[in-house]
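# Structural overview for review
Here is what each chain is made of, one letter per residue.
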Amino acid sequence: MQAPILAVKHITKAYPGVVALDDVSMAFEEGEIHALLGENGAGKSTLIKVISGAIEPDHGVVAFGPQEYRKLTPGLAKELGVAVIYQEFSLVESLSVARNVFLGEDQGLLVDNTAIERQATKIFEEMRVSLDPSTQVRTLSPAQKQLVEIAKAISGNVKILIMDEPSGPLSASEVETMFEIIGRLKASGVTIIYISHRLEELFRISDRVTVLRDGRYIATLVTRQTDRQALINLMVGRELKEYYPQRTVKPGEVVLEVENLSGLGDEDISFSVRKGEILGIAGLVGSGRTELVSLIYGAVPKERGEVRIEGKKREIRSPDQALDYGIGLIPEDRKHHGCILNASIRFNISLSIFKKITRFFVIDSQRQKETARHYIDKFDIKTPSMEQRVRNLSGGNQQKVILAKTLAANTNILIFDEPTRGIDVGSKQEIYNLMVELVNQGTTILMISSDMEELLGMSDRLIVLCEGKLMGEVPKEKFDQRYVIELASGHH
Ligand SMILES: Nc1ncnc2c1ncn2[C@@H]1O[C@H](COP(=O)(O)OP(=O)(O)OP(=O)(O)O)[C@@H](O)[C@H]1O
Ligand SMILES: [Mg+2]
């Protein structure tokens, strides 16, 4: 029998206090789309870093065809045809699209911009996307950046394309574009390793799925011979039912009113939210949802309009001030605005409560520790200790730290921007439970989500944005996915 295009054999990788991969062996076939699935911290990203030569395992080998490699380097892996799109963007913001696409290739001292722009244009044509290669990456949307990442990955001689949660920043239609690109690559014989927490995506595009749990290989299944529930059970190692928790308390009096709020492209947005209510904010990527909450939160100055909290007009000029008025925000771009990667989990979780736990400039370290312990348990943050640097946590566990940090501030209005992006199914359930627990206690929640099912499942009411304008308000009785999508696309 012919050797598979790629195999890992007995790979083990340990970090202080954590075994990230524990004797993992598995194989990938030529031209298949192979999904990797597992809870936050299961070892998915670590495994692909081993395959791409970014980290060296303690034991085991990576085999390309019949050839086994004990020591891989990023350069060697690339020569062997491995390209990776990492969970975090790796683009250089200050360079043009074209320069980024060919970054790492030997461009010499003098870069012929016209030549590389021509080459980049060819790649984009093959991908069937329109993007001007001379644009600075800084000015692109997250979705466009993702397309540049893909172009960069396939610009060389790629045989194995690894994608670590590529759909995170994309809207539904952009995910479709990406799937078409992946489909064409597969048809040309490229093997694709696809990591995602969105199970519906795996069912759409993957041929086989491998499940990892706690660093161990659990099983490889043919996608069309399995189902959602079976995969979830394999992932979490027990029976887990998905559901949206029920509310016990009805929304009370109006807490937050927004009138004619304008700025950052949003125009004259007006709505109100009640105590103990979850207001969902629907819209496509770029419809102005994040902009709207940044205006409310004081992260950017508004052009006009008014924000009232409990009936009183408030000028919120900074996030600090928002916190003083009892508004907390969990941002969308958590890598940049969320936390201090080089500091510990303990420190990060207590960032938003420094004022409360500091007396005469001395931090109450006992309270700091208790708070950190509470949230580490509550969200099942996978870490050997609360002193671990956030940088060393898996992607999903970093998200949980940021969530904890905002929740610890105990504000009565909470804004969640894409709260479950990158979070595994089990922890999603915990976040939903927690949201309902909070509203039952009288917290008001504004939630932006691109996951339509989640938005409809969790919200009491929806507002829908399109191109910076409020398209309408939808009460729970009228919740209907098709109707909301139509509103969000500017119909009606
Ligand atoms: N550099 C590091 N130092 C210490 N621990 C690390 C390091 N890199 C990863 N780990 C740990 O190894 C484990 C596996 O992490 P990995 O990033 O592979 O998880 P993952 O499956 O990709 O999770 P996610 O879905 O959250 O992205 C985690 O417990 C993580 O904290
Ligand atoms: Mg990961």
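Predicted model only: the values in this text are computed from it and were never measured.

### Remarks on the overall build of the protein chain
When you go through the protein chain residue by residue, the secondary structure sums to 18 helices and 22 strands. Here the protein chain has a C-alpha radius of gyration of 23 Å; the compact-globule value for 492 residues is 23 Å, and the two agree. Dimensions along the principal axes, computed over C-alpha positions, put the protein chain at roughly 70 × 50 × 50 Å. Counting all 492 residues of the protein chain, 43% fall into the buried class. A sequence separation of at least 24 residues applies to 69% of the contacts in the protein chain between residues at least 6 apart.

### Here's the deal with the site of ligand 1
In the region of ligand 1, 18 residues are neighbours, and Ala20, Asn40, Ser45, Ser394 and Gly396 sit closest. Inspection of the shell around ligand 1 shows a minimum of three residues originating in each of domain 1 (6-236) and domain 2 (254-488).

### Regarding the pairing of strand E6 (residues 82-85)
Burial of the side chains of E6 extends over both faces: Val82 and Val84 are buried on one face and Ala83 and Ile85 on the other. Bridge count for E6 against strand E7 (residues 160-164) is 4 bridges, and the pairing is parallel. Bridging from a neighbouring strand, Ala83 pairs with Leu161 of E7.

### Considerations on the nonpolar core
A general tendency of soluble globular proteins is for nonpolar side chains to be buried together. Core analysis: the biggest nonpolar cluster contains 64 residues, and Ile281, Val401, Ile415 and Val464 have the highest contact counts within it. Considering every element that reaches this core, the biggest residue donor is helix H15 (residues 395-408), with 6 residues. Sequence-distant contacts of Val464, defined by excluding residues within four places in its chain, comprise Ala282, Gly283, Met471, Gly472, Val474, Val484, Leu487 and Ala488. Core analysis: the second largest hydrophobic core is formed by 63 residues, Phe28, Ala42, Leu91 and Leu202 among them.

### As for the sheet that holds strand E1 (residues 6-15)
One open sheet accounts for 4 strands, arranged E2-E1-E4-E5; its pairing is antiparallel. Here the strands that pair on one side only, and so sit at the sheet edges, are strand E2 (18-28) and strand E5 (67-69). Neighbour-to-neighbour, the strand axes of the sheet open up by a mean angle of 20°, direction not taken into account. Of the pairings in the sheet, the one linking E1 to E2 comprises 7 bridges and is antiparallel in character. The residue bridging Ala14 from the neighbouring strand is Val19, located in E2. In this fold helix H1 (residues 44-51) packs onto E1, E2 and strand E4 (59-64), with an angle of close to 120° to the strand it touches most, E1.

### A closer look at the packing of helix H4 (residues 113-127) against helix H5 (residues 142-154)
At their nearest, the axes of H4 and H5 sit 10 Å apart, and the two run at 105° to each other. In terms of their interaxial angle, H4 and H5 are classed as roughly perpendicular. Between H4 and H5, the residues in contact are Ala120, Ile123, Phe124 and Met127 and Ile150, Ala151 and Ile154, respectively. Split by residue class, the contact of H4 with H5 holds 7 nonpolar, no polar and no charged.

### A short note on the domain arrangement of the protein chain
Domain annotation of the protein chain identifies domain 1 (6-236) and domain 2 (254-488). Between the C-alpha centres of domain 1 and domain 2 there is a distance of 30 Å. Tallied by class, residues from the side of domain 1 that touches domain 2 come to 7 nonpolar, 9 polar and 4 charged.

### A short note on the pairing of E1
In this structure, E1 lies alongside E4, joined through 5 bridges in antiparallel fashion. In the sheet register, Val8 faces E4, and the bridge partner there is Val62. Counted along the chain from E1 to the antiparallel partner E2, the turn is 2 residues long, and its residue Gly17 has a positive phi close to 85°.

### Comments concerning the sheet that holds strand E10 (residues 216-222)
If you trace the 6 strands from one edge of the open sheet to the other, you get E6-E7-E8-E3-E9-E10, paired in mixed fashion. Every interior strand has two partners, whereas the edge strands, E6 and E10, have only one. When the angles between neighbouring strand axes are averaged without regard to direction, this sheet yields 20°. As paired elements, strand E3 (residues 33-37) and strand E9 (residues 208-213) share 4 bridges and run parallel to each other. Counterpart to Leu37 in the pairing with E9 is Val211. Of the strands in this sheet, E3, E7 and strand E8 (191-195) touch helix H6 (residues 172-187), which is tilted by about 145° from E8. Against the sheet, helix H8 (residues 228-236) makes contact with E3, E9 and E10, and its axis sits at roughly 30° relative to E9, the strand it touches most.

Cut-offs applied
Residues numbered from 1 in each chain as written. Chains lettered and ligands numbered in written order. Predicted model: local features only at pLDDT ≥ 70, side-chain atom pairs only at ≥ 80, totals over all residues. Helix = DSSP H or I, 4+ residues; strand = E, 2+ residues; numbered from the N terminus. Rg over C-alpha atoms; globule rule 2.2 N^0.38 Å. Buried ≥ 20, exposed ≤ 12 C-beta atoms within 10 Å, placed from the backbone. Contact = placed C-beta atoms within 7 Å. Near = placed C-beta within 6 Å. Domains from an automatic or database assignment. Pairing = 2+ DSSP bridges. Core = buried A, V, L, I, M, F, W, Y, C linked by C-beta atoms within 7 Å. Axes fitted to C-alpha atoms, helices over the stretch in contact; angles between N-to-C directions. Parallel < 35°, antiparallel > 145°, perpendicular 65-115°, else oblique. Nonpolar A, V, L, I, M, F, W, Y, C, P; charged D, E, K, R; others polar.

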